[in-house]
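Given next are the chains, with one letter for each unit.
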Amino acid sequence: MSRPPAAREAVLDAFEHLIASEGERAATIEATAREAGVSKGGLLYHFGTRQALIEGLIERLHRLIEEDIARIDTAPDGPISYFVRSSVQIETPLDRSFIAVVRLAQGGDREAGRAIDEVRQRWLDALGRYVDDPSLAIAITLIGDGLYYHAATRAEAVDRPVSTGDFTPKQMDELVALLERLAARD
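It should be emphasised that the depicted structure is a prediction, and the values quoted were computed from it without experimental measurement.

Colleague: I'm lost on the nonpolar core in this one. Help?
Modeller: Generally speaking, a soluble globular protein has its nonpolar side chains buried in company with each other. Formed by 50 residues in total, the largest nonpolar core has its most connected members in Leu53, Leu57, Leu61, Val84, Val101, Trp123 and Ile140. Look past the residues within four positions of Leu61 in its chain and what remains in contact with it is Leu94, Ser97, Phe98, Val101, Ile116 and Val119.

Colleague: How do you make sense of the pattern of salt bridges when you look at a structure like this?
Modeller: Close approach of charged atoms allows side chains of opposite charge to pair. Following the criterion strictly, the structure yields 16 salt bridges and no others. Where Arg122 meets Glu66, a salt bridge forms, and the shortest distance between an N and an O atom there is 2.2 Å. Here Arg122 is found in helix α7 (residues 110-128), whereas its partner Glu66 is found in helix α4 (residues 50-74), with 56 residues between them in sequence. With a closest N to O distance of 2.8 Å, Asp73 and Arg129 form a salt bridge. With Asp73 in helix α4 and Arg129 in the loop between α7 and α8 (134-158), this residue pair connects regions lying 56 residues apart in the sequence. With relative accessibility at 34%, the residue Asp73 sits in the partly exposed group. We classify Arg129 as partly exposed; its relative accessible area is 47%.

Colleague: Help me understand helix α5 (residues 79-86), please; the structure alone is not making it clear to me.
Modeller: Given 3.6 residues per helical turn, the α-helix brings residues three or four places apart onto the same face. Counting buried positions along α5 gives seven out of eight residues, so the element sits mostly inside the fold. Within α5, burial applies to Pro79, Ile80, Ser81, Tyr82, Phe83, Val84 and Ser86.

Colleague: Is there a simple way to think about the environment of Ala14 in this case?
Modeller: Relative to the elements of secondary structure, Ala14 occurs in helix α1 (residues 6-22). Here Ala14 falls in the buried class, since its relative accessible area comes to 4%. When the C-alpha positions of Ala14 and Ala36 are compared, they lie 5.1 Å apart, and in sequence the two are 22 residues distant.

Colleague: Would you take a moment to explain the packing of aromatic side chains for this structure?
Modeller: Aromatic rings considered in pairs are described by the distance between their centres and by the relative angle of their planes. Going through the model one piece at a time under the given rule, you end up with three aromatic pairs. Seen in terms of ring centroids, Phe83 and Trp123 are 6.0 Å apart; in terms of plane orientation they differ by 70°. Their pairing is edge-to-face. Here Phe83, found in helix α5, pairs with Trp123, found in helix α7; they are 40 residues apart in sequence, far enough to count as distant. What makes Trp123 buried here is its relative accessible area of 12%.

Reading the values: the criteria
- Residues numbered from 1 in each chain as written.
- Predicted model: local features only at pLDDT ≥ 70, side-chain atom pairs only at ≥ 80, totals over all residues.
- Heavy atoms only, no water.
- Core = buried A, V, L, I, M, F, W, Y, C linked by side-chain atoms within 4.5 Å.
- Buried < 20%, exposed > 50% of the residue type's maximum accessible area, 1.4 Å probe, protein only.
- Contact = heavy atoms within 4.5 Å.
- Salt bridge = Lys/Arg side-chain N within 4 Å of Asp/Glu carboxyl O.
- Helix = DSSP H or I, 4+ residues; strand = E, 2+ residues; numbered from the N terminus.
- Phe/Tyr/Trp six-rings, centres within 6.5 Å; stacked < 30°, edge-to-face > 60°.

Taken by themselves, the reported measurements are silent on function.
Below, the structure is given as structure tokens:
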């Protein structure tokens, strides 16, 4: 899949940032153009409407999820380890896109809500290729959600990125080992 043009990506970056920092209602076409440092006409060249901006953001999220699924499938330390450990990574392009689309969904955008459902299902399907027990695959995705939530709220509370969610490497190793043991019992 080829990368979109840089100007288009800069507009999406600005839209994403506004949604995350000021809320989806503040992310107007005018505010997005200002944030991106382009004219309104320049923005409209790439995205003719606000809905087109939303669709562009959702497409970006799907592209980033495809890349993440590929990493799950090729992770040297295994899919469970990769998924669990990557769940505490915040301030990544995937994290920023995910947050923006979640906030759009919270604001009532149905396409964004469907996109979040699709993302969760893609992660579940990816883990399901390696974990025979569907309930365990669900549990692993929910553990990932919990780790992510903890890392994200902890980072805001201490006003700095928290790369491990404040779990020690030993704790993460033990969690991964537990989940891998459970998966091996299938």
